[in-house]
Amino acid sequence: QTFQHYFKQINLRAKMTSEDIANLNAIQDPNTLAALQDKLGQMNIKRADSDTLDLPVAIRKRVNAIKNIQLQTTKLEAELYKEVHKLEIEYAKKYAPLYQRRMQIVNGEVEPSESECVMPGEEENSTPQDNREESMKGIPGFWLTIFKNTEILSEMCMPHDEPILEALQDIQVSFPENTMGFVLEFIFSENEYFEDRRLTKTYEMKSEPDDFDPVAFDGPEIVGSTGCTINWKKGKNVTEKVVKKKQRMRGAKGQTRIIQKTIKENSFFNFFAPPQMPAEDDMVDEELEALLTTDFEIGQYIRERIIPKAVWYFTNEVTDIESDLDDVDSEDDASSTSDYDDDLEQNENIVANETVTDVQKEECKQQ
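**Q** Can you help me understand the packing of aromatic side chains in this one?
**A** Where two aromatic rings form a pair, the distance of their centres and the angle of their planes describe that pair. Counted under the stated rule, the structure contains 21 aromatic pairs. With centroids separated by 5.0 Å and ring planes inclined at 25°, the aromatic side chains of F142 and F314 adopt a geometry described as stacked. Taken together, the residues F142 in helix α5 (residues 142-149) and F314 in helix α9 (residues 310-314) connect sequence positions 172 residues apart. Note on F142: relative accessible area 4%, which makes it buried. For F314, a relative accessible area of 25% corresponds to the partly exposed category. Counting every residue linked through ring pairs, the aromatic cluster contains F147, F186, F188, F194, W232, F268, F269, F271 and F272. Taking the ring centre of Y91 as reference, the NZ or CZ of K94 above it sits at 4.3 Å. Over the ring of Y193 we find K236; its NZ or CZ atom is 5.5 Å from the centre of that ring.

As structure tokens, then:
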């Protein structure tokens, strides 16, 4: 159960709620983030309320003793999570050559052998031939297709992002040795939009219960994220757009002039400019907390779902499974509601019959 709890904490639901999607869209608006960050200097830390239980002194002492025991078990639980993370790092090294092979095939650097192309239960040379295949290398648009097939990422990806994502060659995750965090690396081929070949997003995690608030500990949590600077080529920054606006000229009646103003544009690449975590002495308001949570969830989703299961998202098989599960849940809910309605109708009929019977008995007495 502990291992399941750990992975439950760092995994995400297959689909985000409408509220999560709204928060995701807000993340892409740096003006919103700037306004929220301006508030941080005015916030004070919120202290936990004191224990208000009305207990005799002797019992209160015993409860405190049990709380201290609970704190010790919580610290052991935190240590377990750290050990699981070490195991994850060890297995990441085993995954690495497999992901490297995947990247080479996707980008046309190598051609898979005939045996690699045969799925379990199939026979060699059973795949139909296509004359188009000789001119193709690798799997064109592999990662862009994944973005389009994934609800979370498709919400972030704007039409002007797509030509850039065509140049995306791989998404990788690495784990620093001395921290529970992780780094997402987006590897691009040379393109006309920016100079960089790698864009990174670093997430910091911790598994440290607070002695003064142990109740809040619920497994590893992300405590911060850091993006990177994108070196855009001239006129190619898709996170900004230039708008023209009329402005009245001072001292000249009825005369106007056209001015240009640069504003922020919605784009997936705002993902690399995440909202900043406030200082420890500042309290996070609900709106900023929602933005931070959504940013963390996106990072976890890419790490835990997209990278290890990329091909299933490319073929849309994962999405189909998730949709099927949603349909089953909907059918179950509908069935439960139908059963409830049937039971209710049956009970109403029983009551009605009993009422009629009672009326008939009363009429017989009168006769």
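**Q** Just checking my understanding: could you explain α5 for this structure?
**A** Since there are 3.6 residues in each turn of an α-helix, residues three or four apart along the chain are aligned in direction. In terms of burial, α5 is largely enclosed, as six of its eight residues are buried. Restricting attention to buried positions, one finds in α5 the residues F142, W143, L144, I146, F147 and N149.

**Q** Looking at this model, I keep getting lost on the side chain of E185. Mind explaining?
**A** In this fold, E185 is placed in strand β2 (residues 182-188). Within the structure, the side chain of E185 is placed 2.8 Å from the side chain of R198, a separation counted as a polar contact. Residues within four places of E185 in sequence aside, it is in contact with D170, I171, Q172, S174, R198, L199 and T200.

**Q** Explain the sheet that holds strand β3 (residues 198-206) here, please?
**A** One key point about sheets: their strands pair by backbone hydrogen bonds, in either a parallel or an antiparallel sense. Taken in spatial order, the four strands of this open sheet run β1-β2-β3-β4, and their pairing is antiparallel. Two strands close off the open sheet at either side, each with one partner strand: β1 (168-174) and β4 (221-226). Taken over all neighbouring pairs, the strand axes of this sheet differ in orientation by 20° on average, direction set aside. Relative to β2, β1 is paired through six bridges, and the arrangement is antiparallel. The partner of Q172 across the bridge, within β2, is E185. In this fold helix α8 (residues 286-306) packs onto β1, β2, β3 and β4, with an angle of close to 70° to the strand it touches most, β2.

**Q** When you look at the nonpolar core in this model, what are you seeing that I'm missing?
**A** Across soluble globular proteins, nonpolar side chains show a tendency to be buried alongside one another. Grouped together as the largest cluster of nonpolar side chains are 46 residues, with contacts concentrated most on F186, F188, F194, F268, F269, F271 and I302. Broken down by element, the residue count for this core peaks at seven residues, all from α8.

**Q** Would you mind going over unusual backbone geometry with me for this structure?
**A** Working note: non-glycine residues mostly have negative phi, and peptide bonds are mostly trans. Positive phi values are uncommon outside glycine, yet N316 reaches one of about 70°. Position of N316 among the secondary structure elements: in the loop between α9 and α10 (317-366). On the accessibility criterion, N316 (25% relative accessible area) is partly exposed.

**Q** What is the right way to look at the confidence of the model for the protein in this model?
**A** Keep in mind that low pLDDT regions are not for reading the predicted coordinates in detail. Taken as a whole, the protein shows an average pLDDT of 76; of its residues, 67% reach a score of 70 or greater. Every residue in residues 1-16 scores below 50 in pLDDT, and together they form 43 contacts with partners more than four places removed in sequence or on other chains. Note on residues 32-50: pLDDT is under 50 here. Beyond four places in sequence and across chains, it has 29 contacts.

The rules behind these values
Residues numbered from 1 in each chain as written. Predicted model: local features only at pLDDT ≥ 70, side-chain atom pairs only at ≥ 80, totals over all residues. Heavy atoms only, no water. Phe/Tyr/Trp six-rings, centres within 6.5 Å; stacked < 30°, edge-to-face > 60°. Helix = DSSP H or I, 4+ residues; strand = E, 2+ residues; numbered from the N terminus. Buried < 20%, exposed > 50% of the residue type's maximum accessible area, 1.4 Å probe, protein only. Lys NZ or Arg CZ within 6 Å of the ring centre and 35° of its normal. Polar contact = N/O pair within 3.5 Å; in protein donor to acceptor, adjacent residues only side chain to side chain. Contact = heavy atoms within 4.5 Å. Pairing = 2+ DSSP bridges. Axes fitted to C-alpha atoms, helices over the stretch in contact; angles between N-to-C directions. Core = buried A, V, L, I, M, F, W, Y, C linked by side-chain atoms within 4.5 Å. pLDDT = per-residue confidence, 0-100.

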